[in-house]
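So you can see what is in the structure, the chains are spelled out below.
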Amino acid sequence: MTLPGFPEAAPLAGLAGGVLIGLAAAVMLLGLGRIAGVSGLAAKAVGLGGSGIARGGAWMFIVGLPLGALIVMLASGGIDATFASPITLAIAGLIVGIGTRLGSGCTSGHGVCGVSRLSVRSIVATVTFMATGIATVAIMNALGLEVL
Amino acid sequence: MRTTLTSLVSGTLFGAGLALGGMTDPARVRGFLDIFGDWDPTLAFVMGGAVIVMAIAWRIVPRLAEPIFVGEFHLPTKSDLTPRLMGGAALFGIGWGIAGLCPGPGIAALVIEPASAAIFVVAMLAGMAVVRLAEGTYS
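Every chain's residues receive numbers from 1 upward, in the order its sequence appears when written. Whichever chain is written first is A, and whichever ligand is written first is 1; the rest continue in order. Local features are withheld for residues below a pLDDT of 70 in this predicted model, meaning they are given only at 70 or higher, and side-chain atom pairs are given and counted only at 80 or more; totals for whole chains, interfaces and linings count all residues. To obtain the side-chain values, all non-hydrogen atoms of the structure were used and water was disregarded.

1. Things to note about the packing of helix H5 (residues 107-116) of chain A against helix H6 (residues 120-142) of chain A
Residues and elements named next belong to chain A.
1) Next: Note on geometry: axes are lines fitted to C-alpha atoms, helical ones only across the stretch in contact, with angles between N-to-C directions running from 0 to 180 degrees. Strands are runs of DSSP state E lasting at least two residues, helices are runs of H or I lasting at least four, and both sets are numbered from the N terminus onward. Between H5 and H6, the least distance of the axes is 8 Å, while the angle of their chain directions is 130 degrees. Comparing the axis directions of H5 and H6 gives the class oblique. Where H5 crosses over H6, the handedness of that crossing is left-handed. Residues Thr107, Gly109, His110, Gly111, Gly114 and Val115 of H5 pack against Ser122, Ile123, Ala125, Thr126 and Phe129 of H6.
2) Next: A class-by-class count of the residues in the contact of H5 with H6 yields four nonpolar, seven polar and no charged. Angle categories: roughly parallel below 35 degrees, roughly antiparallel above 145, roughly perpendicular from 65 to 115, and oblique for all the rest. In a left-handed crossing the near helix is turned counterclockwise from the far helix by less than a right angle, and in a right-handed crossing that turn is clockwise. Between two residues, a contact is recorded if the distance between any of their heavy atoms is within 4.5 Å. Residue classes follow a fixed rule: Ala, Val, Leu, Ile, Met, Phe, Trp, Tyr, Cys and Pro count as nonpolar, while Asp, Glu, Lys and Arg count as charged, and any other residue, Gly among them, counts as polar.

Here's what the structure looks like:
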């Protein structure tokens, strides 16, 4: 199914993927009483603070991420992905690492778990990172910086 | 054991959802952020689906005396809007926009484009370490 006016969009796959992400976060919330925030869990796994969950549990969640992607990749026969150059990825990764620790979360913790809880902090954080993300892409496009 | 397995199930569902929803493709994520150009709304469906399911989960929480597998809930209690929160979120958005990757998809993509994803993930952990070191210096 395609969206009229947006030939590139995949609304059904997007919605299905979103429901799976929501279920994943619900398993963490209702099963273990915690927020499925990837940046906090990643920080915890490598010993850089983050979530209060046991380190082994944080590792299991983090290992599950590529495992889940692998299952989809094998079931679908491949996943399209276009990545930026190594230097661009390094710069972006560094900024994402600093920003998510200072901002106490990323797209999952704030964007999914916090917004659905109607947390004011998470809504403000989500609006903020959406706005700067949109501005960054717009400015890079205006400057003719093609990264993908 | 049950808690470890629950974490693995949660992470695996999460990674599958990211891949299925197209979030492990930086081109699609940047397409979503490109609202002034060739906008791709797919990510709005991903966010919408996830938020709807989680909104239901949050309504179940008050009916549970405790989580299913552990003794108590450990949920964020902060409610103050600080410069640190907003500055951090602003920085995160810039990094997200530059390469089209946030932490979850970056880690999930380790099986899709291992070399590229590894560079992003290692740099991200380095950024987290920078914050940790700076905080250690302050306190």
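The discussion continues.
2. Side note on the interface of chain A and chain B
1) Next: Taken together, the contact between chain A and chain B spans 103 residues of the former and 98 residues of the latter.
2) Next: Surface buried jointly by chain A and chain B totals about 9,100 Å² across both partners, of which 80% is contributed by carbon and sulfur atoms.
3) Next: A 1.4 Å probe defines the accessible area here, and the buried area is the portion of it lost by two parts on being joined, summed over both. Contact with chain B buries area across many residues of chain A, yet Leu30(A), Phe83(A) and Arg121(A) alone supply 8% of it, more than any other trio.
4) Next: A carboxyl oxygen of Asp or Glu within 4 Å of a side-chain nitrogen of Lys or Arg is what we treat as a salt bridge. Across the chain A-chain B interface, the total number found is one salt bridge.
5) Next: For Arg121(A), the salt bridge is made with Asp80(B), and the minimal N-O distance between the two is 3.7 Å.
6) Next: In protein, a polar contact means a hydrogen-donor-capable atom and an acceptor-capable atom, both N or O and within 3.5 Å, with residues adjacent in sequence counting only if both atoms are side-chain atoms; elsewhere, any N or O pair within 3.5 Å suffices. Linking chain A to chain B there are 19 residue pairs in polar contact (both at pLDDT 80 or more).
7) Next: When contributions to the side of chain A that touches chain B are tallied by element, the ones reaching two or more residues are helix H1 (11-32), helix H2 (38-45), helix H3 (55-76), helix H4 (86-102), H5 and H6 of chain A.
8) Next: Among the elements that take part in the side of chain A that touches chain B, H1(A) stands out by supplying 21 residues, more than any other.
9) Next: For the side of chain A that touches chain B, the per-class residue count stands at 66 nonpolar, 31 polar and six charged.

Function cannot be read off these values alone, since they describe shape.
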